[in-house]
Amino acid sequence: MWAACTIEAFMDTPIEVCETRDTKGMYAAARRGDVHNFTGIDDPYEEPLRPDVKLETVGATALVNAAATTEIYTHLAQMAEDLEAFGLEDYSHYETRILRTELNWKLVIDTFLETYHLSVLHKTTIAPILHSNLTAFDGMGRNLRMIGVRKTVGALRGLPEHDWDLVRHSALVYVLFPNTVFIMQGDHLETWRVYPGKSVDEAVMHVSLYTPEPTVTEKAKAHWDRNMDLLMATVTNEDFPLARNIQRDFHSGAQATITFGANEPALAHFHRSIPDAVGQGA
Ligand SMILES: [Fe+2]
């Protein structure tokens, strides 16, 4: 049985213990009133009701906590090998932007799950970078992996296979079911955490960019800013307007049935996983 891949971890440590472990004096500063809105002091801490993982930092051995954390790997089974190979522990968080749009959250995820549309919708933005007629798909429980191919892949022609660096020439898209899209872009990583908004037709996204090393020069900063700006422009100017049209058409009632994802296995897999997760599967 697969569980959802959004994992809530609760590090259970009483406030008094946190204060004794606080080497930077932040709790003391909050107690004095020098720092405001400090969680646990003048901003309430709400303990998770049903965390996926609970780590006891007082009175539990490291072994007990290690046993708890191994549970995480059952959520990521089958893709753990990929994630490990990326060396993510060396990556640095560059920026997170929050986007809102009038789209159901599932339609936001859908925009990542096929590449046919690149040559039509993203003619000048992504199509020059990625092939639109080549993908590989693997379902991994309710998670999935879809690999897009960069046009630079031709550079590997003539090289022996053991010298191929396929990650460098791919865009590896993972859906960590239900709501996170994780994209390894060769030289950086993007994550999209997509949440329902206030109504069924709204979504809020936390879009993060991670870089293989900390950004310390102005040149590097300009490079990653350009990456983030291109990403935002592509989705807000191209994907989302089209998806909003699709959503409007769904609502119009003009069609009694819709055949969805017949030739796009990643879309079909995602939309089979949802009813399965809520007990409405076949
Ligand atoms: Fe797109």
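Described in the following lines is the structure provided in the data block. Quantities reported herein were computed from a predicted structural model and do not represent experimental measurements.

### Side note on the overall build of the protein
So, step 1. Along its length, the protein carries eight helices and nine strands.
So, step 2. Projecting the C-alpha coordinates of the protein onto the three principal axes gives extents of approximately 60 × 50 × 35 Å.
So, step 3. Per-residue burial over the protein gives 19% buried out of 282 residues.

### Observations regarding the environment of Phe-182
So, step 1. Examined against the element boundaries, Phe-182 turns out to sit in strand 7 (residues 180–184).
So, step 2. Residue Phe-182 is classed as buried on the basis of its 24 C-beta neighbours within 10 Å.
So, step 3. Those residues in contact with Phe-182, other than ones at most four positions away along the chain, are Tyr-174, Leu-176 and Thr-191.

### What about the sheet that holds strand 7?
So, step 1. Taken in spatial order, the seven strands make up an open sheet running 3-9-8-7-6-5-4, and their pairing is antiparallel. Strands with a single pairing partner mark the edges of an open sheet, and in this sheet they are strand 3 (92–101) and strand 4 (130–140). Direction aside, the axes of adjacent strands within the sheet are offset by 15 degrees on average.
So, step 2. Pairing of strand 4 with strand 5 (residues 143–150) involves seven bridges; the strand directions are antiparallel. Bridge pairing in strand 5 links Leu-130 to Arg-150.
So, step 3. Its contacts with the sheet put helix 7 (residues 218–252) on strand 3, strand 8 (189–196) and strand 9 (203–211), and the angle it makes with strand 3 is roughly 20 degrees.
So, step 4. Along the sheet, helix 8 (residues 265–277) contacts strand 4, strand 5 and strand 6 (170–176); its crossing angle with strand 5, the most-contacted strand, is approximately 160 degrees.

### Quick notes on the nonpolar core
So, step 1. Grouped together as the largest cluster of nonpolar side chains are 30 residues, with contacts concentrated most on Val-108, Ile-109 and Val-175.
So, step 2. Elements that contribute at least two residues to this core include exactly helix 5 (105–110), strand 4, strand 5, strand 6, strand 7, strand 8, strand 9 and helix 8.
So, step 3. The greatest single-element share of this core, amounting to five residues, is contributed by strand 6.
So, step 4. The residues contacting Ile-109, other than those within four sequence positions of it, are Val-175, Val-181, Val-194 and Phe-270.

### A closer look at the environment of Val-194
So, step 1. Along the chain, the position of Val-194 falls in strand 8.
So, step 2. Judged by local crowding, Val-194 falls into the buried class, with 24 C-beta atoms found within 10 Å.
So, step 3. Expressed as a C-alpha distance, the spacing of Val-194 and Thr-23, which sit 171 residues apart in the sequence, is 35 Å.
So, step 4. Once you skip the residues sitting within four places of it in the chain, Val-194 turns out to touch Trp-105, Val-108, Ile-109, Asn-179, Ala-203 and Met-205.

### What to know about helix 7
So, step 1. Here helix 7 is 35 residues long and its end C-alpha atoms lie 49 Å apart, about the 51 Å a rise of 1.5 Å per residue gives.
So, step 2. A bend of about 35 degrees at Asp-239 is the largest found in helix 7, and the proline Pro-241 appears one to four places after it.
So, step 3. Within helix 7, burial applies to Val-235, Asp-239 and Ala-243.
So, step 4. Following helix 7 by one or two positions, Gly-253 adopts a phi angle in the positive range, close to 80 degrees.

Parameters at a glance
- Residues numbered from 1 in each chain as written.
- Predicted model: local features only at pLDDT ≥ 70, side-chain atom pairs only at ≥ 80, totals over all residues.
- Helix = DSSP H or I, 4+ residues; strand = E, 2+ residues; numbered from the N terminus.
- Buried ≥ 20, exposed ≤ 12 C-beta atoms within 10 Å, placed from the backbone.
- Contact = placed C-beta atoms within 7 Å.
- Pairing = 2+ DSSP bridges.
- Axes fitted to C-alpha atoms, helices over the stretch in contact; angles between N-to-C directions.
- Core = buried A, V, L, I, M, F, W, Y, C linked by C-beta atoms within 7 Å.
- Expected span 1.5 Å × (residues − 1).
- Bend = angle between axes of the 7 residues up to and from the residue.

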